[in-house]
Amino acid sequence: MKPQQHFVAAVAGAVIASAPLAHAFTANNGGCSSCSVTTSRHSPLHMAPSYDSIDAQALLELENRISSVIQADPSSPLALSPGRHAPSTLSIEEAAAQHGMPWDTTIGRTDEENPLLYMPFWEWQLDFMKDSLSNLHPIDCSTLSDTDVTFKENKEKRARIVNQCYASDEYRKIRMTYYDAGDSVQVFNSVWYPDAKYNLPVLGIDILSFNRKKYLAIVDFQPLHEDEDDHATTYEHILKPIKEKYDNLKGRMSSKFYDETQFFSKEMLFARFEDGKIVNDDLLPAFKSYVETHLKLVQSTPPSTNPQDVQAVFDRQRAYDTYSADRDPAAGLFAAMFGKQWAEDFIYDFLFSLGERSEDGLNLSPPMFGGPPPGAAGKGGPPQKGVNPYAKENKAQSVPRL
């Protein structure tokens, strides 16, 4: 679905949810409960059984309501919001419990008392989202090819993956992924995309464990622009005191997959380590602080009311998706466990759904652990070279520490 179709679908889904209008749609069919109005990623607004069976006045009212939403106060969650997905028909509780989540046992082999190493990250984040976000709701997780990516397993290789998607007034998309293969591999991944009205960095979380011997973690406010001041609000100064608490999270990433001067901040948490105690002692509290701080940053930043600025931010989020999809270090893992085609659909149509597919296909090399040892000062920098086409004449405001 094109970005503008996501928006129309979201508006339509919200508008037709009202009881009076829903009644009007079924009035000419004798109150037929099977005559429904649905939205999907491929068909923004599908009305069954046919347009002829729908009350003309109801159609007019629908058009008027959509028009009023589009022209509404810019503070409305749906106004000026490209990239929005249609809400899921599931409740938050139903979505959160799909496929038996949160799991308490592993599908793989284990010698550990708590084999699902990163499930506490998943559970804390979901609880935080429920308690802290405005109008939180599940959104559709389908792909362009109708591949079901909510769950996939390989029983022979004893691996499985589960995915959930949510949105709120503050964030157009929050996706969560948990990969479980026993002690061999544990992964928690999440990306928080602010609504495009907020010219702010994306919150990226990628935490992996291999054989309970090698650990890799990245948590960052991933910048959209080359210059931090070109965001609506500066943020590295509020991350620095958090990062300073954790010497084990000050490593540098390998350049095998990513150029750390693109879409990574100077205050990125990066860690390669072999001591599993670091997960709970350092990584978990630092992760919580970064998530809490990102939401405070969004909530303290005035949303833009300029359609051109909003579109510019959305375009940068699209560039972030393209860059990340081409370099996803877990692509080889997904392809080995679930097949190359599934991995491509999963990465390009779900994980980074705004990105363009690479002509060269996925990079299937395994993750690298290069770079200096933990504790070395990490470098960060701009996400793009040259002149930033979205730079504002008025530089970003510097806000007090959150």
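Up top you'll find the structure we're talking about.
Now for a quick tour of the structure.

### Regarding the pattern of salt bridges
Inference 1: Within this structure, the stated rule accounts for nine salt bridges.
Inference 2: Note that lysine 250 is salt-bridged to glutamate 244, the shortest N-O span being 3.4 Å.
Inference 3: The class for glutamate 244 is partly exposed, based on a relative accessible area of 46%.
Inference 4: A salt bridge links glutamate 344 to lysine 340; the shortest N-O distance between them is 2.6 Å. In this pair, glutamate 344 and lysine 340 both sit in helix H10 (residues 340-351), four residues apart, roughly one turn of the helix.
Inference 5: A single salt-bridge network, built from bridges that share partners, covers Arg84, Asp195 and Lys197.

### A word on H10
Inference 1: With respect to burial, H10 is a largely interior element, 10 of its 12 residues being buried.
Inference 2: Listing the buried residues of H10 in full gives Trp342, Ala343, Glu344, Asp345, Phe346, Ile347, Tyr348, Asp349, Phe350 and Leu351.
Inference 3: For H10, the secondary structure elements touched by its buried residues are strand E4 (151-154), strand E5 (159-167), strand E6 (171-180), strand E7 (185-194), helix H8 (307-326) and helix H9 (331-338).

### Some remarks on the packing of helix H5 (residues 119-132) against helix H7 (residues 277-299)
Inference 1: Put simply, H5 and H7 touch, their axes get as near as 11 Å, and they point 25° apart. One element, H5, and the other, H7, form an angle in the roughly parallel class. Where H5 crosses over H7, the handedness of that crossing is right-handed. Facing H5, whose interface residues are Phe121, Trp124, Gln125, Phe128 and Ser132, H7 presents Val279, Leu283, Leu284, Phe287, Lys288, Val291, Glu292, Leu295 and Gln299.
Inference 2: Taken together, the residues of the contact of H5 with H7 break down into nine nonpolar, three polar and two charged.

### A few points about H7
Inference 1: The terminal C-alpha atoms of H7, which comprises 23 residues, lie 33 Å apart, in line with the 33 Å expected from a rise of 1.5 Å per residue.
Inference 2: Approximately 40° is the largest bend angle found in H7, and it occurs at leucine 283, with the proline proline 285 only one to four residues beyond.

### Examining the environment of arginine 212
Inference 1: Mapped onto the elements, arginine 212 comes out in the loop between strand E8 (202-210) and strand E9 (214-222).
Inference 2: Overall, the relative accessible area of 15% leaves arginine 212 in the buried class.
Inference 3: Spatially, the C-alpha atoms of arginine 212 and leucine 117 are 9.2 Å apart, while their sequence positions differ by 95 residues.
Inference 4: A polar atom in the side chain of arginine 212 sits 2.9 Å from the backbone oxygen of proline 115.

### With respect to the nonpolar core
Inference 1: Counting residues in each nonpolar core, the largest one holds 54 residues, and the members touching the most others are Phe188 and Trp192.
Inference 2: Ranked by residues supplied to this core, first place goes to H7 with 11 residues.
Inference 3: Setting aside its immediate chain neighbours within four residues, phenylalanine 188 contacts Tyr118, Phe121, Trp122, Gln125, Met176, Thr177, Tyr178, Ile205, Asp206, Ile207 and Phe287.

### Notes on unusual backbone geometry
Inference 1: For the bond from methionine 101 to proline 102, the omega torsion is -5°, close enough to zero to count as cis.
Inference 2: The topology assignment puts proline 102 in the loop between helix H4 (92-96) and H5.
Inference 3: Of note in the backbone geometry, asparagine 211 takes a positive phi value of approximately 60° without being a glycine.
Inference 4: Relative to the elements of secondary structure, asparagine 211 occurs in the loop between E8 and E9.

### Description of the environment of methionine 268
Inference 1: Within the secondary structure layout, methionine 268 lies in the loop between helix H6 (236-243) and strand E10 (269-273).
Inference 2: Taking the C-alpha atoms as reference points, methionine 268 and leucine 249, 19 residues apart in sequence, are found 8.6 Å from one another.

### Some words on the packing of aromatic side chains
Inference 1: Taken as a whole, this structure holds 21 aromatic pairs when the rule is applied.
Inference 2: Ring centres of tyrosine 179 and phenylalanine 338 lie 6.2 Å apart, and the angle between their planes is 70°; this geometry places the pair in the edge-to-face category. Of the two residues, tyrosine 179 is situated in strand E6 and phenylalanine 338 in helix H9; the sequence distance between them amounts to 159 residues.
Inference 3: Ring-pair connections join several aromatic residues into one group, and the members of that group are Tyr118, Phe121, Trp122, Trp124, Phe128, Phe188 and Phe287.
Inference 4: In this structure, arginine 175 packs its charged tip against the face of phenylalanine 352, placed 4.9 Å from the ring centre.

### Brief notes about the packing of H9 against H10
Pairs of packed helices are described in terms of their axes, by the angle between the two and the distance that separates them.
Inference 1: Contact geometry for H9 and H10: axes closest at 7 Å, N-to-C directions at 135°. Judged by the inter-axis angle, H9 sits oblique to H10. With respect to the hand of their crossing, H9 and H10 are arranged in right-handed fashion. Here Ala331, Phe334, Ala335 and Phe338 of H9 lie close against H10, whose contacting residues are Lys340, Trp342, Ala343, Phe346, Ile347 and Leu351.
Inference 2: Of the residues in the contact of H9 with H10, the class split is nine nonpolar, no polar and one charged.

Reading the values: rules and limits
Residues numbered from 1 in each chain as written. Predicted model: local features only at pLDDT ≥ 70, side-chain atom pairs only at ≥ 80, totals over all residues. Heavy atoms only, no water. Salt bridge = Lys/Arg side-chain N within 4 Å of Asp/Glu carboxyl O. Buried < 20%, exposed > 50% of the residue type's maximum accessible area, 1.4 Å probe, protein only. Helix = DSSP H or I, 4+ residues; strand = E, 2+ residues; numbered from the N terminus. Contact = heavy atoms within 4.5 Å. Axes fitted to C-alpha atoms, helices over the stretch in contact; angles between N-to-C directions. Parallel < 35°, antiparallel > 145°, perpendicular 65-115°, else oblique. Left-handed = near helix turned anticlockwise from the far one by under 90°. Nonpolar A, V, L, I, M, F, W, Y, C, P; charged D, E, K, R; others polar. Expected span 1.5 Å × (residues − 1). Bend = angle between axes of the 7 residues up to and from the residue. Polar contact = N/O pair within 3.5 Å; in protein donor to acceptor, adjacent residues only side chain to side chain. Core = buried A, V, L, I, M, F, W, Y, C linked by side-chain atoms within 4.5 Å. Phe/Tyr/Trp six-rings, centres within 6.5 Å; stacked < 30°, edge-to-face > 60°. Lys NZ or Arg CZ within 6 Å of the ring centre and 35° of its normal.

Function cannot be inferred from these measures alone, as they are strictly geometric.
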